[in-house]
Amino acid sequence: LESSSSLLRGLIIHYCVYKARLDKIFKLKRLNNYMLLSEAAYREKTGQEISGYYKTRLYQYTYRLRLKPIEEEDDDYIQTYKVGKKKQELDELVAKNLRRFSLTGIV
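Residues numbered from 1 in each chain as written. Predicted model: local features only at pLDDT ≥ 70, side-chain atom pairs only at ≥ 80, totals over all residues. Heavy atoms only, no water.

Draft legend 1. Structural detail: the overall build of the protein. Along its length, the protein carries six helices and zero strands. Ordered by position in the sequence, the α and β elements of the protein form the string α-α-α-α-α-α. Counted over contacts in the protein with a minimum sequence separation of 6, partners at least 24 positions apart contribute 47%. A total accessible area of about 9200 Å² is found for the protein, and carbon and sulfur atoms account for 54% of it. (Helix = DSSP H or I, 4+ residues; strand = E, 2+ residues; numbered from the N terminus. Contact = heavy atoms within 4.5 Å. Areas by Shrake-Rupley, 256 points an atom, 1.4 Å probe, with all protein chains shown as cover.)

This is the structure:
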């Protein structure tokens with residue numbers, strides 16, 4: 001978990017530092033924190049496991065631009081039903097979703 005003293009490690013776990021940092025980031029950006037653990041998962045895991053989960057999520061969110069991007073897959077449905085006006089509508093939807101879910105955050 002941490003390469004520090006057990007006292008500092010205990011404080012980080014007790015005060016949920018990583019979860020608080022994630023919550024603060026999302027609150028400042030006015031976004032929903034989709035990385036929260038469910039109540040059932042929260043009860044099943046130990047404090048160290050929960051802290052490790054939030055530390056990993058915080059790292060992945062902070063350095064998301066440096067992580068390997070997800071490769072694009074061909075959508076068979078769109079390729080099959082692209083005809084005339086429907087083709088134009090589907091292309092617009094795909095372009096809109098690509099902009100919305102891009103890593104740059106431009107909507």
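Draft legend 2. Looking closely at the nonpolar core. Residues Ile-12, Tyr-18, Leu-22, Phe-26, Met-35, Leu-37, Ala-41, Ile-50, Tyr-54, Leu-58 and Tyr-61 constitute the largest nonpolar core, which totals eleven residues. The set of elements that each furnish at least two residues to this core consists of α2 (17-28) and α4 (47-62). (Core = buried A, V, L, I, M, F, W, Y, C linked by side-chain atoms within 4.5 Å. Buried < 20%, exposed > 50% of the residue type's maximum accessible area, 1.4 Å probe, protein only.)

Draft legend 3. Looking closely at a nonpolar patch on the surface. The grouping of Leu-7, Leu-8, Leu-11, Tyr-15 and Val-17 at the surface amounts to a nonpolar patch, some 500 Å² of accessible area in total. The greatest single-element share of the nonpolar patch, amounting to three residues, is contributed by helix α1 (residues 6-14). Residue position: Tyr-15 is located in the loop between α1 and α2. Its relative accessible area of 57% is what places Tyr-15 among the exposed residues. (Patch = residues over 30% accessible without salt bridge, like charges linked within 9 Å, V, L, I, M, F, W, Y side chains within 5 Å. Salt bridge = Lys/Arg side-chain N within 4 Å of Asp/Glu carboxyl O.)

Draft legend 4. Up close: α2. Along its twelve residues, α2 runs 16 Å from first to last C-alpha, staying within 8% of the 16 Å computed at 1.5 Å per residue. Within α2, the full set of buried residues consists of Tyr-18, Leu-22 and Phe-26. Within α2, the buried residues cover an arc of 65 degrees as seen down the axis, which keeps them to one side. Residues Lys-24, Lys-27 and Leu-28 are exposed on α2 and point more than 90 degrees away from its buried face. (Expected span 1.5 Å × (residues − 1). Arc of directions from axis to C-beta.)

Draft legend 5. Local environment of the packing of aromatic side chains. Summed over all chains, the structure comprises four aromatic pairs. Ring centres of Phe-26 and Tyr-34 lie 5.7 Å apart, and the angle between their planes is 75 degrees; on these two criteria the pair is classed as edge-to-face. The class for Phe-26 is buried, based on a relative accessible area of 3%. (Phe/Tyr/Trp six-rings, centres within 6.5 Å; stacked < 30°, edge-to-face > 60°.)

Draft legend 6. Broad picture of unusual backbone geometry. Its identity as a non-glycine residue notwithstanding, Cys-16 has a phi of 50 degrees, on the positive side. Tracing the backbone shows Cys-16 in the loop between α1 and α2. Note on Cys-16: relative accessible area 27%, which makes it partly exposed.

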